[in-house]
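# Tertiary structure, described
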Amino acid sequence: MNAEEISLKDKLRRHYHDRDRFKLKPSYSNYAGMTYFWFMNITVLMTSHFIVIPAILDASQVMQGIIIAWALFTEVTINWILASKKNASTVTQEISEKQPQPSNTSYNSFGWKKCIKCQMNSPPRANHCSLCGACILKRDLHCFVTGNCLGFHNQRYFIVMLFYIVVGLTYAGVLNVLYMNSIYPIGSEFVNYIPFITPWKVYQGEVNLLFVWLLFLFYCSICSVGVAGFFLLWEITVVYRGQTTGEAWKRIRFYKSPHILQHIRVVFGPYWILNFIIPLPTSLPGDGLHWEINPNLKVH
Ligand SMILES: [Zn+2]
Ligand SMILES: [Zn+2]
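Parameters and conventions
Residues numbered from 1 in each chain as written. Chains lettered and ligands numbered in written order. Predicted model: local features only at pLDDT ≥ 70, side-chain atom pairs only at ≥ 80, totals over all residues. Helix = DSSP H or I, 4+ residues; strand = E, 2+ residues; numbered from the N terminus. Buried ≥ 20, exposed ≤ 12 C-beta atoms within 10 Å, placed from the backbone. Contact = placed C-beta atoms within 7 Å. Axes fitted to C-alpha atoms, helices over the stretch in contact; angles between N-to-C directions. Parallel < 35°, antiparallel > 145°, perpendicular 65-115°, else oblique. Left-handed = near helix turned anticlockwise from the far one by under 90°. UniProt positions renumbered as here; feature names shortened; annotations may be inferred. Core = buried A, V, L, I, M, F, W, Y, C linked by C-beta atoms within 7 Å. pLDDT = per-residue confidence, 0-100.

## What about the overall build of the protein?
- In terms of helices and strands, the protein carries nine helices and six strands.
- Its C-alpha atoms put the protein at 80 × 45 × 35 Å along the principal axes.
- Relative to its 300 residues, the protein shows a buried fraction of 33%.
- Restricting the contact set of the protein to residue pairs at least 6 apart, pairs at least 24 apart contribute 62%.

## Points about unusual backbone geometry
- Phi angles above zero are rare outside glycine, and N87 is one such case at about 60°.
- Among the structural elements, N87 can be located in the loop between α3 (59–83) and α4 (93–96).

## Things to note about the packing of helix α5 (residues 155–183) against helix α7 (residues 209–241)
- Direction vectors running N to C along α5 and α7 enclose 150°, while the axes themselves pass 8 Å from each other. Here α5 lies roughly antiparallel to α7, going by the angle between them. Where α5 crosses over α7, the handedness of that crossing is left-handed.

## Describing helix α9 (residues 260–268)
- Those residues of α9 lying buried are V266, V267 and F268.
- On its buried face, α9 sits against α5 and α7.
- Remark: G269 follows α9 within two positions and exhibits a positive phi of approximately 90°.

## Overview of the environment of Y16
- Along the polypeptide, Y16 turns up in helix α1 (residues 2–24).
- Residues Y16 and I116 lie 100 residues apart in sequence; the distance between their C-alpha atoms is 8.2 Å.
- Those residues in contact with Y16 that sit more than four places away from it in its chain are I116 and K117.

## Observations concerning the UniProt feature "transmembrane region" (unreviewed entry) in the protein
- Here the UniProt feature "transmembrane region" (unreviewed entry) sits at residues 31–56, 62–82, 157–179 and 210–234.
- Across residues 31–56 one finds 100% helix and 0% strand; the C-alpha atoms that close the span lie 35 Å apart.
- Helix makes up 100% of residues 210–234 and strand 0%, and the two end C-alpha atoms of the span are 36 Å apart.

## Here's the deal with the environment of S96
- Residue placement: S96 occurs in helix α4.
- For S96 and R139, which are 43 residues apart along the polypeptide, the C-alpha to C-alpha distance reads 15 Å.
- Every residue in contact with S96, bar those within four places of it in the chain, is listed here: V91, M120 and N121.

## Some words on the environment of H153
- Tracing the backbone shows H153 in the loop between β6 (148–150) and α5.
- Of the residues examined, H153 has 21 C-beta atoms within 10 Å and is grouped as buried.
- Sequence separation between H153 and T90 is 63 residues, and the spatial gap between their C-alpha atoms is 9.3 Å.
- Beyond its immediate stretch of four places on either side in the chain, H153 contacts A88 and S89.

## A short note on the nonpolar core
- Judged by nonpolar contacts, the single largest core of 48 residues is most densely connected at I136, F158, M161 and L162.
- Those elements that place two or more of their residues in this core are α2 (26–56), α3, β4 (134–136), β6, α5 and α7.
- Excluding anything up to four places from it in sequence, M161 contacts V76, N79, W80 and A83.
- The next biggest cluster of nonpolar side chains, apart from the first, holds five residues, and it includes V238, V239, V266 and V267.

## Some thoughts on the confidence of the model for the protein
- For the protein, per-residue confidence averages 87 on the pLDDT scale, and 91% of positions sit at 70 or higher.
- Here α1 stands out as the element of the protein with the lowest mean pLDDT, 66, in contrast to α3, whose mean of 97 is the highest.

Spelled out as structure tokens, the structure:
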């Protein structure tokens, strides 16, 4: 009987997993996001280090400029590694079995639910991700750049990574513009900067390929800063409000604390500002399973 039960569970789990994987093709979207990320991360650094910074800055400032570029690259890369760690916030069988039982004197199973796709008990604030094929603790959103779901344990690295993507690409973009302006002044030769006209100018031999490369990176940087900036502002908003992305959409406010600092500490840990200087995987308050209910919540 027991063996039959387990096999039925496995069957259902496999069914939902295969069905979702077929429908959403997560691997392709993840690979596309990660490929674009690494393409930008490496080419922007190399172009800044070897071409733009030596050409734009004074000899005395070149080393300083290169150190800043590498420091920003390192921050983005380390936070990407930490955010993309597989199963960082996944609900495992062991976690699932921690659901309080009615026989327990301090029985409180508020927010626990059964995930039909995983065939496991899922703690409060955890949600299933069809792309990862698992339930994620305090799931915020699925990120294609890291190819991973962001939840209780890795959301902070994602936010810091976004911050440094915005800072790093803005730094590289400003230097790019200064360099391009020194080749073709924007004021007098603005036409060279218009994406649809540039290829024609190259064909006629009026624009060199280095300029095209810098212009291409510049436009990619603008798009990336726009997307990363949007997600950064969104993440700041949900962290400030003590919600996850899913909770914000559904207007769920059960778990909000009266103290804003508590919202920040839940995501970043007790030394939250340190995350923006050194990405240390310090422990977070709580276990991601048990959440206090908002004391000011008024139920109508
Ligand atoms: Zn699930
Ligand atoms: Zn996911």
